[in-house]
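What follows is each chain in one-letter form.
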Amino acid sequence: MKSSRFFIIFAILITLSPIAIAPHSAPAWCADSTAIAKVLASPPAADVGTTTKCAVCGMKIHVKADTPGVEYAGKRYYFCDGSERDAFVAHPEMYLHKPAAK
């Protein structure tokens, strides 16, 4: 009897697991936002080869053809990876107004 309850509970958990791991909302870059002008498919040719800082972590990066970027309030920002870009898109003001490191 105990083993049959285990399998029933296990089956229920397996059935419900996709609900638990599914995103609760659309990714920020999918949101209809007027603040974010656009997520850049690729950097403009003029930016490729330049050096800048990642807008999220501050790490020095060299802009390549596949560097993740966004255009926000008329300025282009670049990131180390797509997850940092998505974090910026979700809350750009949080990253633009962070205190300077001492």
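Let me sum up the structure you'll find in this document. In this text the structure is predicted, and so the values were computed from the model without any measurement.

Notes on the environment of phenylalanine 88
Now for step 1: Along the chain, phenylalanine 88 falls in helix α2 (residues 82-90).
Now for step 2: With 16 residues separating them along the chain, phenylalanine 88 and tyrosine 72 place their C-alpha atoms 9.9 Å apart.
Now for step 3: Ignoring anything within four residues of it in the chain, the contact list for phenylalanine 88 reads Ala55, Val56, Val70, Tyr72, Tyr77, Phe79, Tyr95 and Leu96.

Things to note about a nonpolar patch on the surface
Now for step 1: A contiguous nonpolar patch, built from Phe6, Phe7, Phe10 and Ile14 and spanning about 450 Å² of accessible area, is present on the exposed surface.
Now for step 2: Position of isoleucine 14 relative to the elements: it lies in helix α1 (residues 2-21).

Some words on the side chain of arginine 85
Now for step 1: Checked against the element boundaries, arginine 85 lands in helix α2.
Now for step 2: A relative accessible area of 17% means that arginine 85 is categorised as buried.
Now for step 3: Setting aside residues up to four positions removed in sequence, arginine 85 forms contacts with Val39, Pro68, Gly69, Val70 and Phe79.

Regarding the environment of valine 39
Now for step 1: Within the secondary structure layout, valine 39 lies in strand β1 (residues 36-40).
Now for step 2: With relative accessibility at 30%, the residue valine 39 sits in the partly exposed group.

Observations regarding the environment of alanine 65
Now for step 1: For alanine 65, the location among the structural elements is in the loop between β3 (60-62) and β4 (69-72).
Now for step 2: Accessibility expressed as a relative area gives 53% for alanine 65, which makes it exposed.
Now for step 3: Alanine 65 sits 21 residues away from proline 44 along the chain, and the two C-alpha atoms are 8.2 Å apart.
Now for step 4: Beyond its immediate chain neighbours, meaning those up to four positions away, alanine 65 contacts Ser42, Pro43 and Val48.

Parameters and conventions
Residues numbered from 1 in each chain as written. Predicted model: local features only at pLDDT ≥ 70, side-chain atom pairs only at ≥ 80, totals over all residues. Heavy atoms only, no water. Helix = DSSP H or I, 4+ residues; strand = E, 2+ residues; numbered from the N terminus. Contact = heavy atoms within 4.5 Å. Patch = residues over 30% accessible without salt bridge, like charges linked within 9 Å, V, L, I, M, F, W, Y side chains within 5 Å. Areas by Shrake-Rupley, 256 points an atom, 1.4 Å probe, with all protein chains shown as cover. Salt bridge = Lys/Arg side-chain N within 4 Å of Asp/Glu carboxyl O. Buried < 20%, exposed > 50% of the residue type's maximum accessible area, 1.4 Å probe, protein only.

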